[in-house]
Amino acid sequence: MLLAVEVVSPDSESRDRDTKPHKYAAAGIPNYWRVEMGGENDEPVVYVYELDPVTKAYIFSGMHRTQLKLQVPFDIDIDIDLTEIDNL
């Protein structure tokens, strides 16, 4: 597995922010993304982490609010702005 993604909800905040990343790191999953609502307008935010092979812990590598553009673990370029969805 190259990537684990958790979508944080009020009932799972502690597990998604603390417990699960440690378990994923111990399993050797090289990438972890945490998606949650945040900021002034409660908009989606994607927190990106990469596994440090020496410490076997995740290192924060970026926070994305409107666009998720990455090359690791694969090339991706997607719009994460929900403004248009809200207008439907």
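Residues numbered from 1 in each chain as written. Predicted model: local features only at pLDDT ≥ 70, side-chain atom pairs only at ≥ 80, totals over all residues. Heavy atoms only, no water.

Points about the side chain of Asp16
Test applied: Helix and strand assignments come from DSSP, with helices taken as H or I runs of at least 4 residues and strands as E runs of at least 2, each series counted from the N terminus. The classification of residues rests on relative accessible area computed with a 1.4 Å probe and restricted to protein chains. Under 20% of the type maximum is buried, over 50% is exposed, and intermediate values are partly exposed. What qualifies as a polar contact is a pair of N or O atoms within 3.5 Å, subject to a donor-acceptor requirement within protein and to the restriction that residues adjacent in sequence count only when both atoms come from side chains. We call two residues contacting when some pair of their heavy atoms lies within 4.5 Å.
Looking at the secondary structure, you find Asp16 in helix α1 (residues 13-26). Its relative accessible area of 1% is what places Asp16 among the buried residues. In terms of polar contacts, Asp16 uses its side chain to reach the side chain of Ser12, at 2.6 Å. When sequence neighbours within four positions are dropped, the list of residues in contact with Asp16 reads Glu6, Val7, Val8, Ser9, Pro21, Tyr32 and Arg34.

A few points about α1
In plain terms, the rule: Any helix carries an expected span of 1.5 Å times its number of residues minus one.
Spanning 14 residues, α1 covers 20 Å between terminal C-alpha atoms, matching the ideal 20 Å at 1.5 Å per step. Among all positions of α1, only Asp16, Pro21, Tyr24 and Ala25 are buried. The inward-facing, buried residues of α1 contact β1 (3-7), β2 (31-38), β3 (43-52) and β4 (57-64).

Focus on the environment of Val72
As for its position among the elements, Val72 is in the loop between β5 (67-70) and β6 (76-79). The spatial distance from the C-alpha of Val72 to the C-alpha of Leu3 is 9.7 Å, given a sequence separation of 69 residues. With near-sequence residues (within four places) excluded, Val72 lies in contact with Asn31 and Glu50.

Structural notes on the pattern of salt bridges
Test applied: Any Lys or Arg side-chain nitrogen located within 4 Å of an Asp or Glu carboxyl oxygen qualifies as a salt bridge.
All told, the structure shown has five salt bridges when counted by the stated rule. Notably, a salt bridge pairs Glu13 with Arg17, separated by 3.3 Å at the nearest N-O pair. Here Glu13 pairs with Arg17, and both are found in helix α1, just four residues apart, close to one helical turn. Take Arg17: its relative accessible area is 34%, and that puts it in the partly exposed class. A salt bridge links Lys20 to Asp16, with the shortest nitrogen-to-oxygen separation between them at 3.3 Å. Linking Lys20 with Asp16, this pair stays in helix α1, spanning four residues, or about one helical turn. A relative accessible area of 25% places Lys20 in the partly exposed class. Connected via shared salt-bridge partners are Glu13, Arg17, Arg34 and Glu36.

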